[in-house]
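# Residue-level structural notes
The chain contents come next:
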Number of protein chains: 4
Amino acid sequence: MDKNLNKNDGSSGSPFRERGGYIPYNEIAGQKTTRIEAISDGVFAVALTLLVLDIKVPLSEAIKTDHGLFNAFCALTPKFLSYFLSFMTLGIFWTGHSAQYIYMEKSDRHLNWLSLFFLLFVSLLPFTTAFLSEYITFKLAIGVYWLNIFALGTMLYIHWTYAFNHGYINLPKDKKQAVSLAIKRRIVIAQTLYAIGALLCFVNNYVSVGVIIVIQLNYAIAFGFRKKKKFTAY
Amino acid sequence: MDKNLNKNDGSSGSPFRERGGYIPYNEIAGQKTTRIEAISDGVFAVALTLLVLDIKVPLSEAIKTDHGLFNAFCALTPKFLSYFLSFMTLGIFWTGHSAQYIYMEKSDRHLNWLSLFFLLFVSLLPFTTAFLSEYITFKLAIGVYWLNIFALGTMLYIHWTYAFNHGYINLPKDKKQAVSLAIKRRIVIAQTLYAIGALLCFVNNYVSVGVIIVIQLNYAIAFGFRKKKKFTAY
Amino acid sequence: MDKNLNKNDGSSGSPFRERGGYIPYNEIAGQKTTRIEAISDGVFAVALTLLVLDIKVPLSEAIKTDHGLFNAFCALTPKFLSYFLSFMTLGIFWTGHSAQYIYMEKSDRHLNWLSLFFLLFVSLLPFTTAFLSEYITFKLAIGVYWLNIFALGTMLYIHWTYAFNHGYINLPKDKKQAVSLAIKRRIVIAQTLYAIGALLCFVNNYVSVGVIIVIQLNYAIAFGFRKKKKFTAY
Amino acid sequence: MDKNLNKNDGSSGSPFRERGGYIPYNEIAGQKTTRIEAISDGVFAVALTLLVLDIKVPLSEAIKTDHGLFNAFCALTPKFLSYFLSFMTLGIFWTGHSAQYIYMEKSDRHLNWLSLFFLLFVSLLPFTTAFLSEYITFKLAIGVYWLNIFALGTMLYIHWTYAFNHGYINLPKDKKQAVSLAIKRRIVIAQTLYAIGALLCFVNNYVSVGVIIVIQLNYAIAFGFRKKKKFTAY
């Protein structure tokens, strides 16, 4: 049904499931979530793939042997590091965003715009990644990158809160609050850890990037093999 | 059903729901809308993400301190401004285009082509954006950008009108005219405001861009928190 | 049902609709068509949007007035021309490819590969377009562009023939041959016209490009407003 | 059902099909597979299309005749070769990955992450392709390209194994082991052949690339026209 909310099945003359002539407001204002899910997947897919454009094939007349090429290849390490970092970042936020839609039964124009603003910061990530990989020893580069992560987390939090407050979340009443709290807490804890990781740039930038990657790996992998909880908050 | 118009369910020998041997014309000519929706989401997703390619990481031997990098970063302000502007533009037209499909029960080849011509101007936007950000003080740059917005609005208007006149809109008869008028009026009013915003370039280009962004924010955000109307025209 | 061919509905223990213990071969070998449709839409969407990367913002210290910028803008005409040309080309072949799937009830690995080889030439088009726009006065550039169109048409023809011969086309028996012939004839006629258009490069390259655009507009627009035929072959 | 696992049909108050008050764990933890399938198709589509960016239009003041242009065009042969090679690589791994989802009835967060890590290497391929085409005579370039293929195969193997072991594969019990073995064996055999192909770089790099392409063509085409087997393992 979610696939064609507001669309009829071709056999009736109306897209609204009229019940005794009354057209419930929500069935007019509410939208299927497929389109916003599709454009989100699209933006994430392009952003994930554009990241690689920052890793440029070394071009030098001086490269004449496999050994010389190997050295040039190794010089790309910061690029590979930030590629990996940003792939993880995008993976985590794609997981977080798409997980919200597991419970979301419909959408509206405002929720779509909250997703679009979230995607605005997804699209920015290839830039902040390139900025970081170019100036990996500068505190400002860490700061800008962290701001991007912070904006993504903030939008995700607002997105969930809006959907929850407008009754778009479809969960059994007794579990609703618990799931919502778990989702919000997960965002807050992750953002706190990222902030700590970013602040470590005052010690050393590589430590900072390293710690953020470890935090991300924790979310991507480690959590996964812990004892299964009854409700996963993603 | 809209997912597999003209496809049978595997159990019958025909993709047409034959009713007493008669094959209704519309079920042959009419198409599911999923494919044109998918390619639209794809083009928008790529265009949204390509915008960031215009923001290039500053490369300079002279950048040696965080302070120098901060100055170089701030010099990107016009790029961020036009990135934001164009993200809003694409978001608004994606919302407008996808909103029409909420009510659209099927499509045909001509409607698909109207969407494709619409997408032609969506794809152009990363160029007109880069053109604007490079020559933000030139009236021509504002003019070209406005022409792009105008073409998008015009195609959207034609798209709806064609679908409406060919009976592809699935709304209760008594609401049909009202919704159609609301959709058309919304496009005309928005385009009038954009034209006024563009004409302000004869005062000052930054004023012009600023006013267009304010108009867009109004459509994206402000309208959203006004009192809910019974029919949203997007 | 086509959405989850080979997937059960969660209530039975098998993805195959077992009928009395017998598992029909086709339900094992046959696949849903959604994935190949999705990647096709994706490749087309990216190719359509990459085309614009060939239109580069003119960068020159000499541009100091709106008049100078206007001249630089006008110098982009061949780029806009080939952008439009290739958008039409991609639109036509997307329409042709997706139209085949209206009648296609399932797919197999070989049909998927035929689609992938078709997409190989879709992906090439941004290159052949850039090659044409750069060397628009060279016969070779027309030749290479035409080869790309020819390869697309050939793959489309093979794609349909394979699907038809393997019984993946779901049409009423009495209409099957007529629709198939119409689809094949349409490809052959279009390719003949494109070949004539390309050969006109021996007269003049702009004539050649102009004629190809006219042929394309005919397929995209003119045909659309002729009297409706009972079977559209796309 | 797979389209809206965890979503209700709008008529009931709960996304979970509660059976006598009991909420089965799997219906909470399990997810529909549409989102991960969508982002996979997206990443593959972008990667397939980005490959062409490596084929750059020859720009030279010296090109003045069709003959000169022809020579410049022919000089692109290694670029076309590696474009074709990588299109085949991506096609094969897209086929392999999407084929697993034919049998996959649901997904979870960890399986999604395994797919994301798989996509990380899909996204890298445009880089390793450009690296290969630039340094096609260097053993290191073959080695790096092979590593990419190896990583893709390894992730695919782990992906299937995880899904199989967690009971996400929906096949009749008596066929389950046979299909699983066939899928795993196919990956192992293909990877062995690729490794042999890569090792041939110690003879000659062009021989190595040529053999890998032949292996790929075998998987894409030759297998396709052999006698149909009852179970295709892709």
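Anyway, here's the lowdown on the structure attached to this text. (Residues numbered from 1 in each chain as written. Chains lettered and ligands numbered in written order. Predicted model: local features only at pLDDT ≥ 70, side-chain atom pairs only at ≥ 80, totals over all residues. Heavy atoms only, no water.)

### A few points about the overall build of chain A
Here is the rule we go by: In DSSP terms, a helix is any run of H or I states spanning at least four residues, a strand is any run of E spanning at least two, and both are numbered starting from the N terminus. Buried residues are those whose accessible area, probed at 1.4 Å on protein chains only, stays under 20% of the maximum for their type, while exposed residues exceed 50% and partly exposed ones sit between those limits. Contact definition: two residues touch when any of their heavy atoms are within 4.5 Å. Residue burial considers only the protein chains on display, and all accessible areas are found by Shrake-Rupley using a 1.4 Å probe.
Looking only at helices and strands, one finds 8 helices and 0 strands in chain A. Ordered by position from N to C terminus, the α and β elements of chain A give α-α-α-α-α-α-α-α. Looking at chain A residue by residue over its 234 residues, the buried ones come to 62%. Sequence separation of 24 or more characterises 75% of the internal contacts of chain A that already satisfy a separation of 6 or more. Taken as a whole, chain A presents about 9000 Å² of accessible surface, with 66% of it coming from carbon and sulfur.

### Looking at the environment of Ile92 of chain C
Along the chain, Ile92 of chain C falls in helix α4 (residues 77–102). Sequence separation between Ile92 of chain C and Leu114 of chain C is 22 residues, and the spatial gap between their C-alpha atoms is 18 Å. Beyond its immediate sequence surroundings of up to four residues, Ile92 of chain C is in contact with Trp113 of chain B together with Tyr194, Gln216 and Tyr219 of chain C.

### Some remarks on the environment of Leu199 of chain C
Note on placement: Leu199 of chain C falls in helix α7 (residues 173–199). Along the sequence, Leu199 of chain C and Leu111 of chain C sit 88 residues apart, while their C-alpha atoms lie 32 Å from each other.

### Focus: the pattern of salt bridges
Under the convention used in this document: We count a salt bridge whenever a side-chain nitrogen from Lys or Arg sits within 4 Å of a carboxyl oxygen from Asp or Glu.
Tallied over the entire structure, the rule returns 20 salt bridges over all chains. Where Glu37 of chain B meets Lys32 of chain A, a salt bridge forms, and the shortest distance between an N and an O atom there is 3.1 Å. Highlighted residues: Glu37 of chain B in helix α2 (residues 34–50) and Lys32 of chain A in the loop between α1 (25–29) and α2 (34–50), drawn from two different chains. On the basis of relative accessibility, which here comes to 11%, the residue Lys32 of chain A falls in the buried class. We note a salt bridge from Glu37 of chain C to Arg35 of chain B, for which the minimum N-O separation is 3.0 Å. Of this pair, Glu37 of chain C sits in helix α2 (residues 34–50) while Arg35 of chain B sits in helix α2, which puts the two residues in different chains. Side by side, Glu37 of chain C and Arg35 of chain B carry an identical accessibility label, which is buried. Salt bridges sharing partners connect three or more residues here, namely Lys32 and Arg35 of chain A together with Glu37 and Asp41 of chain B.

### Comments concerning the packing of helix α2 (residues 34–50) of chain D against helix α5 (residues 109–134) of chain D
Residue and element names in this part refer to chain D. Spelled out, the test is: Between N-to-C directions, angles cover 0 to 180 degrees, with each direction set by a line fitted to C-alpha atoms, over the stretch in contact for helices. Roughly parallel means an angle under 35 degrees; roughly antiparallel means over 145; roughly perpendicular covers 65 to 115; every other angle is labelled oblique. Only Asp, Glu, Lys and Arg are considered charged in this grouping, and only Ala, Val, Leu, Ile, Met, Phe, Trp, Tyr, Cys and Pro are considered nonpolar; every other residue, Gly among them, is considered polar.
Running from N to C, α2 and α5 point in directions that differ by 5 degrees, and their axes come no closer than 9 Å. By the angle between their directions, the pair α2 and α5 is classed as roughly parallel. Along the contact surface, α2 presents Ile36, Ile39, Ser40, Val43, Phe44, Ala47 and Leu50, while α5 presents Asn112, Ser115, Phe118, Leu119, Val122, Ser123 and Pro126. Residues belonging to the contact of α2 with α5 are distributed by class as follows: 10 nonpolar, 4 polar and no charged.

### Re a nonpolar patch on the surface
The condition is simple: Exposure above 30% relative accessible area and no salt bridge define the residues that can form patches, which grow by joining like charges within 9 Å and nonpolar side chains of Val, Leu, Ile, Met, Phe, Trp and Tyr within 5 Å.
A contiguous nonpolar surface patch, about 270 Å² in accessible area, is contributed by Leu53 of chain A, Leu53 of chain B, Leu53 of chain C together with Leu53 of chain D. Tracing the backbone through its elements, the reader meets Leu53 of chain A in the loop between α2 and α3 (66–74).

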